[in-house]
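# Analysis of the macromolecular model
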Amino acid sequence: SGAGTEAVGNNFVVLQPGSTVATSLVEGEAEDKHVGLLEVRGDQWKFTALPLETVRPFILKDVVLQDYEQEYDFNDEPTLMAFLEEKVEAAILELRERHTTTALTKAAENRAKFPLVRLRVDYSGYSTCNPQRFGQRFVDKVANPSDILLFTRKARKKAEAAAAAEARD
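All values reported here derive from a predicted model rather than from experimental measurement. All chains use their own residue numbering, which begins from 1 and follows the written sequence. The model is predicted, so local features are restricted to residues of pLDDT at least 70 and side-chain atom pairs to those at 80 or more, both for listing and for counting; the totals for chains, interfaces and linings are taken over all residues. Only hydrogens and water are set aside; all other atoms, that is, all heavy atoms of the structure, feed into the side-chain values.

A carboxyl oxygen of Asp or Glu within 4 Å of a side-chain nitrogen of Lys or Arg is what we treat as a salt bridge. Scanning all chains against the criterion turns up 6 salt bridges. We note a salt bridge from Lys61 to Glu94, for which the minimum N-O separation is 2.9 Å. Of this pair, Lys61 sits in strand β5 (residues 58–64) while Glu94 sits in helix α1 (residues 77–98), and the two are 33 residues apart along the sequence. Burial classes: relative accessible area under 20% of the type maximum marks a residue as buried, over 50% as exposed, and values in between as partly exposed (1.4 Å probe, protein chains only). Classification of Lys61 as partly exposed rests on a relative accessible area of 29%. What emerges from the salt-bridge pattern is a single network uniting Lys61, Glu94 and Arg98. Put simply, DSSP H or I for four residues or longer makes a helix, DSSP E for two residues or longer makes a strand, and each gets a number counted from the N terminus.

With that settled, the discussion passes to the side chain of Asp122. Here Asp122 shows up in strand β6 (residues 116–122). In this tally Asp and Glu are treated as negative and Lys and Arg as positive; neither His nor the chain ends contributes. An unpaired buried charge is present at Asp122: no salt bridge exists, and Lys154, the closest side chain of opposite charge, is 4.9 Å distant. Of note is the side chain of Asp122, whose polar atom sits 2.6 Å from the side chain of Ser124. By definition, residues are in contact when any of their heavy atoms lie within 4.5 Å. Excluding residues within four positions of it along the chain, Asp122 makes contact with Val63, Val64, Leu65, Thr152, Arg153 and Lys154. Pairing of N or O atoms within 3.5 Å defines a polar contact, subject to two protein rules: one partner must be a possible hydrogen donor and the other a possible acceptor, and residues neighboring in sequence count only if both atoms are side-chain atoms.

Further remarks concern the environment of Leu95. Counting through the fold element by element, Leu95 comes out in helix α1. Not counting residues within four places of it along the chain, the set of residues in contact with Leu95 comprises Pro57, Phe58, Ile59, Pro115, Leu116 and Val117.

So, about the packing of aromatic side chains. Pairing of aromatic side chains requires ring centres within 6.5 Å, counting the rings of Phe and Tyr and the six-membered ring of Trp. Pairs whose planes differ by under 30 degrees are stacked, by over 60 edge-to-face, and all others tilted. This structure, assessed with the given rule, holds 7 aromatic pairs. Centroid distance Phe74 to Tyr126: 5.6 Å. Interplanar angle 85°. Geometry classified as edge-to-face. Within this pair, whereas Phe74 is found in the loop between β5 and α1, its partner Tyr126 is found in the loop between β6 and α3 (131–135), the two being separated by 52 residues in sequence. A single burial state applies to Phe74 and to Tyr126, both of which are buried. Taken together, Tyr68, Tyr72, Phe74, Phe83 and Tyr126 form an aromatic cluster joined through their ring pairs.

This next bit is on the nonpolar core. In this text, buried Ala, Val, Leu, Ile, Met, Phe, Trp, Tyr and Cys residues form a nonpolar core when linked through side-chain atoms within 4.5 Å. Within the largest apolar cluster, 24 residues are counted, with the highest numbers of intra-cluster contacts made by Leu65, Leu84, Val117, Phe134 and Leu149. Elements with a contribution of two residues or more to this core: β5, α1, β6 and β7 (149–152). Of all the elements, α1 adds the most residues to this core, at 8 residues. Excluding residues that lie within four positions of it along the chain, Leu65 makes contacts with Phe74, Leu80, Phe83, Val121, Asp122, Tyr123 and Tyr126.

Let's shift gears to the pairing of strand β3 (residues 34–41). Only when DSSP finds a minimum of two bridges between them are two strands counted as paired. Two elements, β3 and strand β4 (residues 44–51), share 8 bridges in a ladder whose sense is antiparallel. Bridged to Glu39 within β4 is Lys46. Linking β3 back to β4 in an antiparallel pair, the connection comprises 2 residues, with Gly42 at a positive phi of about 60°.

And the structure:
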C-alpha cells in the first residue's frame, strides 16, 4: 500500500508487496487488496496501487459476550449458537451490501457467493461451542465454515489491571 518506505539516507525505497488473496483470517487481510504497477524511466519511478476487483470478500468482526449478558444467557449453548448465528448473518449481509458489483467471471461470482467471515468472540466468563459444528450452518454461505469462530479470552493480567484501575477511580 502506498509508495513504499524511504530508507535512511534516501538511497533507496522499500516496496513490500503481499499476497493478492487473504492468506490468514486476521484484521489486516480484511482491507482492500491491490496490485502494484511500478513504472521506471531512467532514475525516476512511479508506483501506483491498483485495486483488485475480483478478490474474495472478507470481513472480521469482534464480539464480546459480556456486552450482551443482560439480554442473553450464554451459559445455554443453543442461545449462544443462535446469537453467534445472527452475528454471522449480519456480517454476510454487510459484505453483500459492500460488494454489490457484478462478477466478471464464474470464479469471481463464486468468490462473491462464498465470502470469508471471521468472528473473534471474547467468551471471558462463559463456555464455548464447537466451531466446526457451528460452521456446518454456513456450508452453503461462506468459504470457511469451520473457521468462522475464533474464541478468545481477555488475558487475566489485563483484566486484573483494568479492575484495579477502576477500583482506584
